[in-house]
Structure formats: C-alpha cells, structure tokens
Amino acid sequence: MKEQKENDAEAEKIKSQIGDLTRKYFEITNKPGLTPVRYGGSLHDEKELVEMINAVLDGWWVNGRRTKEFENIMEKFFNAKHSIFCNSGSSALILAFESLGLEKGSEIITPALTFPTTINPAIRQGMDIVLADSDIGTYNVNVEQMENAVTKKTKAIIIPHLLGNMSDMDRIMDLVEEHDLIFLEDCCEALGSFYGNRMLGTFGDTAAFSFFPSHHISAAGGGMFITNSEELYVRALSLKNWGRQYSSVDYIPNQGLIRSDYIQQYTYEAIGYNFNASEIEAAKGIVQMGKLGEFNKIRQENFGLLLRFFKKYEDYFILPRTVNNRAKPSWFAFPLTMTEKAKKLFTREQLMDFLFKKKIEARYILAGNIMRHSAYSKIKFRTSGSLANSDKVFTDSFFIGVYPGINEEKMKYVRESFDEFISNPKANL
Ligand SMILES: Cc1ncc(COP(=O)(O)O)c(C=O)c1O
C-alpha cells in the first residue's frame, strides 16, 4: 500500500516537472524578434505531452481506445453519424473520393484557387475537372461561375473552405439540390467555422479535416473523414484499413469454424491503403479538441486586431472580408492582396523578404491558380469564365498568422514591422 502511494507520488512529481520544463521552454522560445512569429504551429503544453507519453507507455499504437475516443468527440462536435481518424487531411480526401466511387469521365467543379490534394484524387480517378474562379478578399469560390459551369455531366463539387472562410453556402446548397450533386467539403482549414448556425463540415456528403501542425488544432499530423452515410463510412473504413471487409460477414467462408474477426481481418473487399494514424496522435488530438474553443477565440481576436490595423493601409492592400454576414469564419490566417499602388512601390517578394528578416512568417495563399504549377501542365480542364482572380492571388497575395501562438507582444511587433516597411519601403528593399 505504502509502496503504491510512493510510486504514485513519484509519477505525479515527474509529470509536474515535465509541465514546469515545458512552460519554461515556451517562455524562452516566444520572444518577438529573437524567435519567429510563426503563421501557425502546434500550440500545446504539458497536458498533450503527458497524454502522448501515456499512449507510448500503453504501447498500443493504432486503432485503439484513443482513436475511438477522438472519433467520438468529433462525431459529437459535428453531430455526425460516423468519423474516421486517418493519417492526414489528404488521406481523408482520398477516402471521401474513393468511397463515393465517382466515375471516370464525370465532371467535378471546384475552384482553381486551391490546395493540391483537394483535387488530386479527382484527377487520379479520371474525373473531368471544371474550374471556377474565386473572389479576392474572401479567397473562396465564385458561386456564379460554379452555377454557370454545371452541365448534364456534372456529378460533384468539392469546395475547400479556404483560410477558414467560405462562399455563400445558401447558394451552394441550392445548386447542389437543384442538380442533385454530390458535395464534398474540404474543411482542412476550417475547423470551427460557421455559416449561419451550421458548422462547415455539416453541409456536404462528406467532409475532411486536417490536424497538420499549422491547422486549427494539431494532432501532430492526422486527419478526419466524417459522413452521415453508413454506406460511405463502411467503404471508407475498408479503404483506410488495407481493404479489409467491413460491409458484411455473411459470405466469409468457414466463418463458423474459426473466429470470425480473425477471418474478417484477412478478407478484403476494396483495393485499400493503410491510412492509419497513431494512438499518440489521437492522444494529442483529444486534448487539443478541448482547447478548440479558446484557440478559435484568440484567432478571432488576432484577426480583428489586424483588420483594424490594416484599415489605414487600404490603399496598399485589399483586406479580407466575408461573403455576407451569415459567414462566421474561424480564420486560418490573415490574407492580403497587393493593390496596384503598392505594386508600384514594392513587390510582394520584397515585402515577404523584409518580414522574413524580421522573423515574421508570411506565406503565399496556397497554390494560387493550381493550373500554373508544372505538375498540372498536362491536366485538361474546362472553365466557365476567366480565372483572373486566381491568377492574381498566385502573383499578388500572401498571408500572415493569427494563430493563438501569437500573443499581444508578437502582434504589436508584427504591426510595428509593417509600419516600418510601409513608412519607407525603399529603405527596406
Ligand atoms: C485546404 C487544404 N486541403 C487539404 C490539405 C491537406 O491536409 P494534410 O496536410 O493534413 O494532408 C490542406 C493542408 O494544408 C489544406 O490546407
């Protein structure tokens, strides 16, 4: 008994030491000017570390109780029937496309301003790609162009809710219903964004999320596929787990003779993958989901601070906006597009280089017009109008961070650095 107590006390002491050291570490790695103002990154403390260590000590690596718990949390959060924790947002998108069985030669409409793995599965499945432009300021798809793009061959749309922002979801849902389209949501940058009182990720047939370190929460990587369809869920589960059979055990041979779960594990009904994420990642994801509300509140505050600050520079930058007042984004970052006036004084790269020297991270807005990249040079696509805005984003836009790792002191440093540059761009080139 005494030995038990001493042992527990020692374990608690070690946990608390891990906590103290982690806090100290974060203090000295958070000094503006000396350490980078990241645009995003995993923000965790001793709680995540202890849970991850516990997962290691338990020694059960994949598809264990932590994965199930993380999935349960997500299902409750989205009021969704099914979810699958997998090894990335990109994998969740593959699960979505392949479980839907979208056919070769059928059309999918999507914005040209996107992330590669949003549309790669459609290309791999031999779908015909139809691209719509996006709007500067919202950086999300222009719905009118999508409406004009629909033909008899159109089967599906996939929308990445870029930067946590969104297009007019009422119009998108009208389009989906009118033409009986399959709707895939890429919510990899939009965990916790709302349209009206509905969360993004609850509109489509499927939704994909990413827990890559720079995203709204980080599970040290990993992704989530969610759906309300039992059929899609069972197919996606099989695809994630090597192609194992989950649909029915009825026709598995010799079922009565040896353990059915054993036979099922080695009976395959899909040309599958191994997209498992680890229990260590699930452990981190569980703690991070508990912090999402607080994280997103800080994202909002940081976004608001920057929006108020940049008002005085509206001559130089097009500021971010929402499509209407029903859109309530949980912003992934703070996007800016150079105006013609700014471009006469400095280039985007000169400004980004200045920020880089100041240790302030800035990034391009994903791929810009994806078709400008060499990987896509041979991909045939159709449009229903000009992709001028996607091209403009490719050359003139960038974003800086709003994530909760940017505290007040760092926010002030970012604002002062922009003031310094813009007050005399030439001196800083
Ligand atoms: C819009 C979008 N879709 C998909 C992904 C892919 O997610 P992951 O990096 O987890 O594979 C990302 C990742 O950055 C993204 O931003």
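Residues numbered from 1 in each chain as written. Predicted model: local features only at pLDDT ≥ 70, side-chain atom pairs only at ≥ 80, totals over all residues. Heavy atoms only, no water.

Visitor: Describe in detail the overall build of the protein chain, supporting the description with residues and values.
Guide: In terms of regular secondary structure, the protein chain is built from 15 helices and 15 strands. Since a compact globule built from 429 residues should have a radius of gyration of about 22 Å, the 23 Å found for the protein chain is in line with a globular shape. For the protein chain, the computed accessible surface area is about 20100 Å², with 53% contributed by carbon and sulfur atoms. Taken together, the 52 basic and 55 acidic charged side chains of the protein chain have centroids lying 5 Å from each other. (Helix = DSSP H or I, 4+ residues; strand = E, 2+ residues; numbered from the N terminus. Rg over C-alpha atoms; globule rule 2.2 N^0.38 Å. Areas by Shrake-Rupley, 256 points an atom, 1.4 Å probe, with all protein chains shown as cover. Lys, Arg positive; Asp, Glu negative; His and termini not counted. Charge placed at Lys NZ, Arg CZ, Asp CG, Glu CD.)

Visitor: Requested: an account of the nonpolar core, with residues and values cited.
Guide: Phe70, Ile157, Ile172, Phe183, Leu191, Phe209 and Phe211 are the most contacted members of the largest nonpolar core, which totals 44 residues. With 5 residues, helix H7 (residues 169–178) is the single largest residue contributor to this core. If sequence neighbours within four positions are ignored, Ile172 has contacts with Val141, Val143, Ile157, Ile159, Ser167 and Phe183. Listed in part, the 43 residues of the second largest apolar core include Leu336, Val393, Phe399 and Tyr403. (Core = buried A, V, L, I, M, F, W, Y, C linked by side-chain atoms within 4.5 Å. Buried < 20%, exposed > 50% of the residue type's maximum accessible area, 1.4 Å probe, protein only. Contact = heavy atoms within 4.5 Å.)

Visitor: Break down the sheet that holds strand S11 (residues 327–328) for me, citing the residues and quoting the values.
Guide: The 3 strands lie next to each other as S7-S6-S11, forming an open sheet whose pairing is antiparallel. Two strands in the sheet have a free side with no partner beyond their single neighbour: strand S7 (198–199) and S11. One ladder, built from 2 bridges, connects strand S6 (residues 194–195) with S7; its direction is antiparallel. Among the inter-strand pairings, Phe194 is bridged to a residue of S7, identified as Met199. (Pairing = 2+ DSSP bridges.)

Visitor: Go over the packing of aromatic side chains, please, and point to the residues and values.
Guide: Within the structure shown, the criterion is met by 24 aromatic pairs. Ring geometry for Phe303 and Trp331: centres 4.2 Å apart, planes at 5°, overall stacked. Taken together, the positions of Phe303 in helix H11 (residues 292–310) and Trp331 in the loop between S11 and strand S12 (334–338) put the pair 28 residues apart, joining distant regions of the chain. Residue classification places Phe303 among the buried residues on the basis of a relative accessible area of 7%. Take Trp331: its relative accessible area is 3%, and that puts it in the buried class. Ring centres 6.5 Å apart and planes at 20° place the aromatic pair Tyr316 and Phe346 in the stacked group. Of the two residues, Tyr316 is situated in the loop between H11 and strand S10 (317–318) and Phe346 in the loop between helix H12 (340–345) and helix H13 (348–357); the sequence distance between them amounts to 30 residues. Take Tyr316 and Phe346: they sit in the same class, and that class is buried. (Phe/Tyr/Trp six-rings, centres within 6.5 Å; stacked < 30°, edge-to-face > 60°.)

Visitor: Quick rundown of the sheet that holds strand S9 (residues 223–227)? Include the residues and the values.
Guide: The strand order S1-S9-S8-S5-S4-S2-S3-S14 describes an open sheet built from 8 strands, whose pairing is mixed. The sheet is open, and its two edges are formed by strand S1 (82–86) and strand S14 (381–383), each paired on a single side. Taken pair by pair, the neighbouring strands of this sheet meet at an average axis angle of 20°, ignoring direction. Bridging between strand S5 (residues 182–186) and strand S8 (residues 206–210) involves 3 bridges; their strand directions are parallel. Bridging from a neighbouring strand, Glu185 pairs with Ala207 of S8. (Axes fitted to C-alpha atoms, helices over the stretch in contact; angles between N-to-C directions.)

Visitor: Quick rundown of the site of the ligand? Include the residues and the values.
Guide: As a structural note, the neighbourhood of the ligand is formed by 13 residues, with Gly89, Ser90, Asp186, Glu189 and Ser210 the closest of them. Within the side chain of Ser90, an N or O atom sits 2.5 Å from an oxygen atom of the ligand. In the model, an oxygen atom of the ligand is placed 3.1 Å from a nitrogen or oxygen of the His215 side chain. Computed on the free molecule, the ligand has an accessible area of 390 Å², of which 90% lies beneath the protein chains in the complex. Residue assignment for the shell around the ligand shows that the elements contributing at least two residues are helix H4 (89–100) and helix H5 (116–124). At 3 residues, the largest contribution of residues to the shell around the ligand is made by H4. Within the shell around the ligand, the residues separate by chemical class into 4 nonpolar, 7 polar and 2 charged. (Near = heavy atom within 4 Å. Polar contact = N/O pair within 3.5 Å; in protein donor to acceptor, adjacent residues only side chain to side chain. Nonpolar A, V, L, I, M, F, W, Y, C, P; charged D, E, K, R; others polar.)

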